[in-house]
Every structure is written in C-alpha cells, then in structure tokens.
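Examining the three-dimensional arrangement
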Amino acid sequence: MKRTLSPKELAEALGVSESSLKRWADKGRVRVSKTVGGHRRIPMSEAIRFAREAGYTVVKPEVFGLPPVAQDVVEHDPENDGEHLLALLKAGEGDHAKALIMNRYFSGETLPSLFDGPLRSAMHEIGKIWHHDPAGIYLEHRATDITLQIVNQLRSLVGQDDTPDRPIAIGGGPSGDAYLLPSMMCAALAAETGFREINLGPNTPTDTLNQAIAEYRPDLVWLTCTVADACPHPAELEQVLDAAQDVDAIVALGGQGMAHGLIEPRADVHHLSSMADFHSLCLKTMDANALAD
C-alpha cells in the first residue's frame, strides 16, 4: 500500500473533484504535508480517516490498494449486507465480498460492528451447510479463506503505530481449537486501539501462552474458544490467569466454546460475548494505562 496520496488520487478514489479536495485541504478538513517542490501529499492514514468521517463511497478502491468494485456492490443496501455477503461467500466471489465490507468500512462502519454483524452472521450460516450438503465443507473452507483476507485488509487499513514502548496485547486460541478468525479479529481490534498486538493464533498450548506472557509482559491477554471440547481445563485456565496476574495484565475470555463458571470471579478477568465487548475492553485498558503513566 502506498504511504501517501496526491489530492488527485484521493479525489478519484472518492468520486469528487480535485479542486474540492484541495479546497478542503486548505480549510484543514484534510491534513496534508508538502514536498520540497510544494506539492500536497496526504498520508494514507489521513486519507482513510477523511473518507470514513465524511462518509463517502469509495468508487476506486484500487487507489487504497484494494480490489476494484462492481457497480452492484457500490450501490449496496446496508440493511441486506449480511445476506449479500453470504451469497457472495457461497459463490466464492472473493473480490466482491471484500469490496462490500470495505465500502461499509469506508462509509464509517466500525470494525466491531463489521465483525459482529455481516461477517459473523454470514460465517455462521456458512457453517450450517455441511449438515445437509456434502459441499458444505469446501464452501466453509473457501469462505473462511475469503473472510481471513478481509480481516487482514481491514487490519492493514488500521495502520500501525511505530511507537516502541506502546502497550502490548497478546492472545490466541487453545489447543484443539483450529478456528483462525476470532483471534485475528481480536488482533485487529487491539491494533486499532493502539496496542502492539501479538496473535499466537489457534491451537496454542497453555504452556506456550504462559511463556509468551512472561516474555512480553502484556497489558492485555485474550483467549478465544470456539469449540466447546477445546475449552481449557479449569486448572490450565488458572495457570494462564496467574501468569497474567504476575505481569498485571487484564484477561479477556470469549467465544461460544468458552464455558462460564470454570473459575472463581476475578476483577482482572472479563468474560466477553462479542467483539464489541473486546473493543471496549481494549479502550478501557489503554485509558487505564495512560492514566498510570
């Protein structure tokens, strides 16, 4: 992805005139820098911020390094995006599925809303197909791959804070849980809120997670469990919580496979039911960290 855009490039991406873009820049609506030769340049993060806050439909997503979008995706109906995304995933229309979600993001939709909304509902329905259709397994695998690409693209649009001493968030899924998406979504949300995120991914043994906690000394630890049979034994879970407590880390437990009541309630442990809950916890943890400094 390019690091900066010219006013002409951003104007083309949003379907507005270059003169309007330059006027908005002169009024401070779009923050720009200038080259030695006096040419305006717009940092990619600023271009994305402006597009989202202004609510423009991106008509040329390729300017942002995203796949081109068909007209029927540009003219989408937000109320039916979940069903639209489901149809695209079932058909293997990866580029159109990406464009649909990216348009919602650039129109101002938040990552938690996208993760808990169309992406979650579409993948939930995809996961049911194998019960009555032998093709369901490959449809689910293909849809998962497309959705992983979407989450990675959203993560790339969030950008990366290069501050070396920013707070760390680390997490993954337990042994026996092969689902990639939940932990990737957590990593994207952690990055968006300013953490240096370390995603250990699925099938992470408890001992491995504990070692990573001891090494990185994070401020936040997440553990997602999608498969009930993979839910950690209470003794193993207590080991993770003790490792986190040793470094003063907050712990987030979530996923439909994570059983409640496994451990005694603790102030530093949060049982979450959605990505919106995790996003809120990330923000609170960052705020607490800022106050402590």
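Each remark here, short or long, concerns the structure printed above.
Let me begin by describing the structure that accompanies this report. Everything numeric here is computed off the predicted structure, so don't read it as measured data.

How each quantity is defined
Starting afresh in each chain, residues are numbered from 1 along the sequence in its written order. Residues qualify for local features only when their pLDDT is at least 70, as the model is predicted, and side-chain atom pairs are given and counted only at 80 or more; totals for whole chains, interfaces and linings, by contrast, use all residues. Side-chain measures were taken over the full set of non-hydrogen atoms in the model, leaving aside hydrogen atoms and water. Counting from the N terminus, the helices are DSSP H or I runs at least four residues long and the strands are E runs at least two residues long. Radius of gyration: over C-alpha atoms. The globule rule applied is 2.2 Å multiplied by the number of residues raised to the 0.38 power. A simple rule labels every residue: compare its accessible area, found with a 1.4 Å probe on the protein chains alone, to the largest value its type can have, and call it buried under 20%, exposed over 50%, or partly exposed in between. Using a 1.4 Å probe, the Shrake-Rupley method yields the accessible areas, and only the shown protein chains count as cover for residues. Think of a nonpolar core as a cluster: buried Ala, Val, Leu, Ile, Met, Phe, Trp, Tyr and Cys residues, connected wherever their side-chain atoms sit within 4.5 Å. Contacts are assigned to residue pairs that have any heavy atoms within 4.5 Å of one another. This arc is built from the directions going out from the helix axis to the C-beta atoms. Each axis is a line fitted through C-alpha atoms, taken for helices only over the stretch in contact, and angles between the N-to-C directions span 0 to 180 degrees. Two helices crossing with the near one rotated counterclockwise from the far one by less than a right angle form a left-handed crossing, whereas a clockwise rotation gives a right-handed crossing. Three residue categories are used. Nonpolar comprises Ala, Val, Leu, Ile, Met, Phe, Trp, Tyr, Cys and Pro, charged comprises Asp, Glu, Lys and Arg, and polar comprises the others, including Gly. Here the rule is simple: two strands pair whenever DSSP picks up at least two bridges between them. Working definition: a ring pair exists when centres of Phe, Tyr or Trp rings (six-membered ring for Trp) sit within 6.5 Å. Plane angles under 30 degrees give stacked, over 60 give edge-to-face, the rest tilted. A crossover gets the label right-handed when its path from the first strand over the helix to the second runs clockwise, viewed with the strands pointing away from the viewer.

The next thing to look at is the overall build of the protein. The secondary structure content of the protein amounts to 12 helices and eight strands. Taken against the 2.2 N^0.38 rule, which gives 19 Å for 293 residues, the C-alpha radius of gyration of the protein at 21 Å falls within 12% of a compact globule. Principal-axis analysis of the C-alpha atoms places the extent of the protein at approximately 65 × 55 × 25 Å. Within the protein, buried positions represent 48% of all 293 residues. For the protein, the accessible area works out to roughly 14,300 Å², and carbon and sulfur atoms hold 50% of it.

Time to look at the nonpolar core. Side chains of a nonpolar character, in soluble globular proteins, are inclined to be buried together. Counting 64 residues, the largest nonpolar core has Leu10, Phe64, Leu89, Phe106, Phe115, Leu154 and Phe278 as its most contacted members. Sequence-distant contacts of phenylalanine 115, that is, excluding residues within four places in its chain, are made with Arg120, Val151, Leu154, Met185, Ala188, Leu189 and Met275. The next biggest cluster of nonpolar side chains, apart from the first, holds 23 residues, and it includes Leu223, Leu253, Ile263 and Val269.

This brings us to helix H1 (residues 7–14). For H1, every residue scored as buried is listed here: Pro7, Leu10, Ala11, Ala13 and Leu14. Seen from one end, H1 has its buried residues packed into an arc of 160°, which puts them on one side. Buried residues in H1 make contact with strand E1 (4–5), helix H2 (18–26), strand E3 (40–43) and helix H3 (44–54). Backbone geometry just downstream of H1 places glycine 15 in the positive-phi region, at approximately 70°.

Attention now moves to the packing of helix H6 (residues 94–106) against helix H8 (residues 136–158). Here H6 crosses H8 at 35°, and the two axes come no closer than 10 Å. In this structure, the crossing between H6 and H8 has a hand that is right-handed. Contacts from Gly94, Ala97, Lys98, Ile101, Met102, Tyr105 and Phe106 in H6 reach Ile146, Gln149, Ile150, Gln153, Leu154, Leu157 and Val158 in H8. Along the lines of polarity and charge, the residues of the contact of H6 with H8 split into 10 nonpolar, three polar and one charged.

Right, let's get into unusual backbone geometry. Of note in the backbone geometry, asparagine 203 takes a positive phi value of approximately 55° without being a glycine. Checked against the element boundaries, asparagine 203 lands in strand E5 (residues 196–204).

Among the secondary structure elements, leucine 5 is positioned in strand E1. The exposure class assigned to leucine 5 is buried, which follows from its relative accessible area of 0%. Spatially, the C-alpha atoms of leucine 5 and alanine 169 are 31 Å apart, while their sequence positions differ by 164 residues.

Bringing the sheet that holds strand E8 (residues 269–272) into the picture now. One open sheet holds the five strands; their spatial order is E5-E4-E6-E7-E8, and the pairing between them is parallel. With one partner strand each, in any of the chains shown, E5 and E8 form the two edges of the open sheet. Looking at each pair of strands side by side, their axes are set apart by 15° on average, direction ignored. The strands that helix H10 (residues 206–216) touches are strand E4 (168–174), E5 and strand E6 (220–224); relative to E5, the one it contacts most, it runs at about 165°.

Below, the discussion takes up the packing of aromatic side chains. This model, assessed by the stated rule, comprises four aromatic pairs. For the pair tryptophan 24 and phenylalanine 50, a centre-to-centre distance of 5.6 Å together with 45° between the ring planes defines the contact as tilted. With tryptophan 24 in helix H2 and phenylalanine 50 in helix H3, this pair connects stretches of sequence that are 26 residues apart. Classification of tryptophan 24 by relative accessible area gives buried; the value is 11%. Among the aromatic residues, those joined into a ring-pair cluster are Phe64, Tyr105 and Phe106.

Here we take up the sheet that holds E1. Read across the sheet, three strands follow the order E1-E3-E2 without closing on themselves; strand pairing throughout is antiparallel. Each edge of the sheet is formed by a strand with only one pairing partner; in this case those strands are E1 and strand E2 (33–34). In this structure, E1 lies alongside E3, joined through two bridges in antiparallel fashion. Within E3, the residue paired with leucine 5 across the bridge is isoleucine 42.

Our focus in this paragraph is the pairing of E3. Relative to E3, E2 runs antiparallel, the two sharing two bridges. Of the residues in E3, the one forming a bridge with serine 33 is arginine 41. Here E2 folds back onto E3 in antiparallel fashion, the turn holding five residues, of which glycine 38 has a positive phi close to 90°.

By the criterion of burial, strand E7 (residues 250–254) is predominantly enclosed, with four of the five residues buried. Judged from the five bridges that link them, E6 and E7 form a sheet pairing that is parallel. Pairing of leucine 220 across the sheet is with isoleucine 250, part of E7. For the crossover that starts at E6, traverses helix H11 (residues 234–246) and ends in the parallel E7, the hand is right-handed. Pairing geometry for E7 and E8, over four bridges, is parallel. Looking across to E8, one finds that alanine 252 is bridged to histidine 270.

These figures capture arrangement, not role.
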